[in-house]
Amino acid sequence: WRADAHSAAVQNEREAVMYARAIIAKGDPAQVGELEAFVRDRVDPAVRAMAGNAGMSLFANAATGEVIIATAWVDEQSLTDSRIALTAMRDEGLALLRATDARIETVEPVIMEQKAPDQVGYWTRSVESLTPLDTMLASEEVFIRDVLPQILRIDGVNTVSLLADRAAGKHILNVTYVSRAALEAASAQGQAIRDAFLAEGGRQLVSMMEAEVRMVGMGPGPGPDVSGPDVPAQTGVTDRSTTSTR
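### Quick word on the overall build of the protein
- Of the regular secondary structure elements, the protein holds six helices and ten strands.
- Evaluated residue by residue, the protein yields a buried proportion of 53% over its 246 residues.
- For the protein, the exposed surface amounts to about 10,500 Å²; the carbon and sulfur share of it is 53%.

In structure tokens form, the structure reads like this:
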């Protein structure tokens, strides 16, 4: 990944990021604030104390009850260890949210472009899509060359990150705007870019979520320089990881 406004110490730490895991859940909108306090007071300190952790972020939509809790890890061992260590805490958080739907995604970073560090109160649109397995890398090259510059020219865009689960043929694109107003104002422009990209090469839209940045803790990691998200699996949670260690 690439960013322009981070200290050398933070950048060096995050350049080692190899994996991100996100728990994506939907529950009672009235419980989103309770979950946020739980994550801030208990989960975040526990995660940051773990060997190999490279940050945690929280995104939430208080109107829909949707949340994303994402963590970054420097290697597969730390990813696996965190799964074991955080199971009970994850279960407690989902119960607190009264989650009716929850799943886990394990992905690797492809690219991040960031104009400045994200801030609490920014808004993110997260788009999941499927790509034929034999065209995953080519699709990423097209995105970086042709699509990324278009997105970065949209008014209000601050961060663009693309993550991949190449074994499952899945990409997750997160575009973060400086406000909800900016996100909404760019809706038609973003959809036009998205639709044009998905129309090529047999790509398929899976899901889309809009959420507010509630905690900032993940930043740039490794990936190509261009110009121009954990909690482990449990009963009732679909673990979309593609290896047993994830």
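### Quick word on the packing of aromatic side chains
- Within the structure shown, the criterion is met by one aromatic pair.
- Look at Phe143 and Phe197: their rings are 6.0 Å apart centre to centre, the planes differ by 70°, and that puts the pair in the edge-to-face class. With a gap of 54 residues between them, Phe143 in helix α4 (residues 136-152) and Phe197 in helix α6 (residues 187-198) connect regions that are remote in the sequence. Of the two residues, Phe143 and Phe197, both sit in the buried class.
- A cation sits over an aromatic face here: Arg180 above Trp123, 4.4 Å from the ring centre.
- Note that Arg203 overlies the ring of Phe197, its terminal NZ or CZ placed 3.9 Å from the centroid.

### Side note on the layout of surface pockets
- In this structure, the largest pocket encloses a volume near 170 Å³.
- In terms of lining residues, the largest pocket is bounded by Ile24, Ala25, Lys26, Glu66, Ile68, Asp101, Arg103, Ser126, Glu128, Ser207, Met208 and Met209.
- Secondary structure elements with two or more residues in the lining of the largest pocket: β2 (19-26), β4 (66-73), β5 (101-114), β6 (123-130) and β9 (204-215).
- Within the lining of the largest pocket, the residues separate by chemical class into five nonpolar, two polar and five charged.

Quick notes on the rules
- Residues numbered from 1 in each chain as written.
- Predicted model: local features only at pLDDT ≥ 70, side-chain atom pairs only at ≥ 80, totals over all residues.
- Heavy atoms only, no water.
- Helix = DSSP H or I, 4+ residues; strand = E, 2+ residues; numbered from the N terminus.
- Buried < 20%, exposed > 50% of the residue type's maximum accessible area, 1.4 Å probe, protein only.
- Areas by Shrake-Rupley, 256 points an atom, 1.4 Å probe, with all protein chains shown as cover.
- Phe/Tyr/Trp six-rings, centres within 6.5 Å; stacked < 30°, edge-to-face > 60°.
- Lys NZ or Arg CZ within 6 Å of the ring centre and 35° of its normal.
- 1 Å grid on protein atoms, 1.4 Å probe; cavity = no way out; pocket = protein on both sides within 12 Å on 5 of 7 lines; lining within 4 Å.
- Points joined across faces, edges and corners; volume = space filled by probe spheres on them.
- Nonpolar A, V, L, I, M, F, W, Y, C, P; charged D, E, K, R; others polar.

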